[in-house]
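Architecture and fold: a report
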Amino acid sequence: MPQSKETAVKKPRKKPSAKKATNMPQSKKTAVKKPRKKPSAKQQQIQEEIAKKAFELYEQSGREDGKDVEHWLEAEKLLKPKPKRKKSP
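An account of the accompanying structure is given in this report.

Rules used throughout
- Numbers given to residues run from 1 along each chain, matching the order in which its sequence is written.
- Owing to the predicted nature of the model, reporting of local features is limited to residues with pLDDT of at least 70; listing and counting of side-chain atom pairs is limited to 80 or more, with chain, interface and lining totals taken over all residues.
- Water and hydrogen atoms play no part in the side-chain values, which are based on all heavy atoms of the structure.
- Numbering of helices and strands runs from the N terminus; a helix is a DSSP stretch of H or I covering at least four residues, while a strand is a stretch of E covering at least two.
- Summary of the burial criterion: residues with accessible area below 20% of their type's maximum are buried, those above 50% are exposed, and those between are partly exposed, where the area comes from a 1.4 Å probe applied to protein chains only.
- Methods summary: accessible areas were calculated by the Shrake-Rupley approach with a probe of 1.4 Å, and residue burial reflects only the protein chains presented.
- Every angle, taken between N-to-C directions, lies between 0 and 180 degrees, and every axis is a line fitted to C-alpha atoms, over only the stretch in contact when it is a helix.
- An angle counts as roughly parallel when it lies under 35 degrees, as roughly antiparallel when it exceeds 145, as roughly perpendicular when it falls between 65 and 115, and as oblique in every other case.
- Left-handed describes a crossing whose near helix is turned anticlockwise from the far helix by less than a right angle; the clockwise case is right-handed.
- By the convention used here, residues are in contact when the closest approach between their heavy atoms is within 4.5 Å.
- Polar here means any residue other than Ala, Val, Leu, Ile, Met, Phe, Trp, Tyr, Cys and Pro, which are nonpolar, and Asp, Glu, Lys and Arg, which are charged; Gly is therefore polar.
- The criterion is simple. A nonpolar core is a set of buried Ala, Val, Leu, Ile, Met, Phe, Trp, Tyr and Cys residues joined through side-chain atoms within 4.5 Å.
- In the sections that follow, a salt bridge refers to a side-chain nitrogen of Lys or Arg positioned within 4 Å of a carboxyl oxygen of Asp or Glu.
- Working rule for helices: expected span equals 1.5 Å times residues minus one.
- In this context, the arc is that of the directions from the helix axis out to the C-beta atoms.

Digging into the overall build of the protein
When you go through the protein residue by residue, the secondary structure sums to three helices and zero strands. Per-residue burial over the protein gives 7% buried out of 89 residues. For the protein, the exposed surface amounts to about 10,100 Å²; the carbon and sulfur share of it is 53%.

Take a look at the structure:
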């Protein structure tokens, strides 16, 4: 009867100990993300309209996959309010 091969058991790696960075500026020692502001009701409404229009464009294109960004950008062009330009004197 042949002897069974024993499988090698790997020991878990030790996690590196946390070392204090002494030569880094204070601002880079801790990375704290600021919470995002919740979009206003008007911004949410615009986003929903863009999503609906992007889906319409997706359906009109024959439901082609991989063009979601193009459809979204096209919908934004069509629906997002354009900033008003000041006329130069």
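Past the structure itself, the notes keep going.
Notes on unusual backbone geometry
Backbone geometry at Arg-63 places phi at a positive 55 degrees, although glycine is not the residue there. Looking at the secondary structure, you find Arg-63 in the loop between helix 2 (41-60) and helix 3 (68-79).

Quick word on the packing of helix 2 against helix 3
Close contact between helix 2 and helix 3 brings their axes to 8 Å; oriented N to C, the two are set at 125 degrees. When the interaxial angle is binned, helix 2 and helix 3 end up oblique. Between helix 2 and helix 3 the crossing geometry is right-handed. Here Gln-47, Glu-49, Ile-50, Ala-51, Lys-53, Ala-54, Leu-57 and Tyr-58 of helix 2 lie close against helix 3, whose contacting residues are His-71, Trp-72, Glu-74, Ala-75, Glu-76, Leu-78 and Leu-79. Residues of the contact of helix 2 with helix 3, tallied by class, amount to nine nonpolar, two polar and four charged.

A closer look at the nonpolar core
Within the largest apolar cluster, five residues are counted, these being Ile-46, Ile-50, Ala-54, Leu-57 and Ala-75. Per-element tally for this core: the top contributor is helix 2, with four residues. Look past the residues within four positions of Ile-50 in its chain and what remains in contact with it is Trp-72, Ala-75, Glu-76, Leu-79 and Lys-80.

Focus: the environment of Ile-50
Mapped onto the elements of the fold, Ile-50 is located in helix 2. For the pair Ile-50 and Leu-73, spaced 23 residues apart in sequence, the C-alpha to C-alpha distance is 8.8 Å.

Some thoughts on the pattern of salt bridges
Under the counting rule described, the total for this entry stands at three salt bridges. Residues Glu-64 and Lys-67 are paired through a salt bridge, measuring 3.4 Å at the closest nitrogen-oxygen approach. Taking relative accessible area as the criterion, Glu-64 reaches 36% and is therefore assigned partly exposed. Given a relative accessible area of 31%, Lys-67 falls into the partly exposed group.

Digging into helix 2
Each full turn of the α-helix corresponds to 3.6 residues, which orients residues three or four apart in the same direction. Between the first and last C-alpha of helix 2 there are 29 Å, a value that for 20 residues agrees with the 28 Å anticipated at 1.5 Å per step. Among the residues making up helix 2, those that are buried are Ile-46, Ile-50, Ala-54 and Leu-57. Down the axis of helix 2, the sector holding all buried residues measures 75 degrees, keeping them to one side. Facing away from the buried side of helix 2 by more than 90 degrees, the exposed set consists of Ala-41, Glu-48 and Lys-52. Where helix 2 is buried, its residues contact helix 3.

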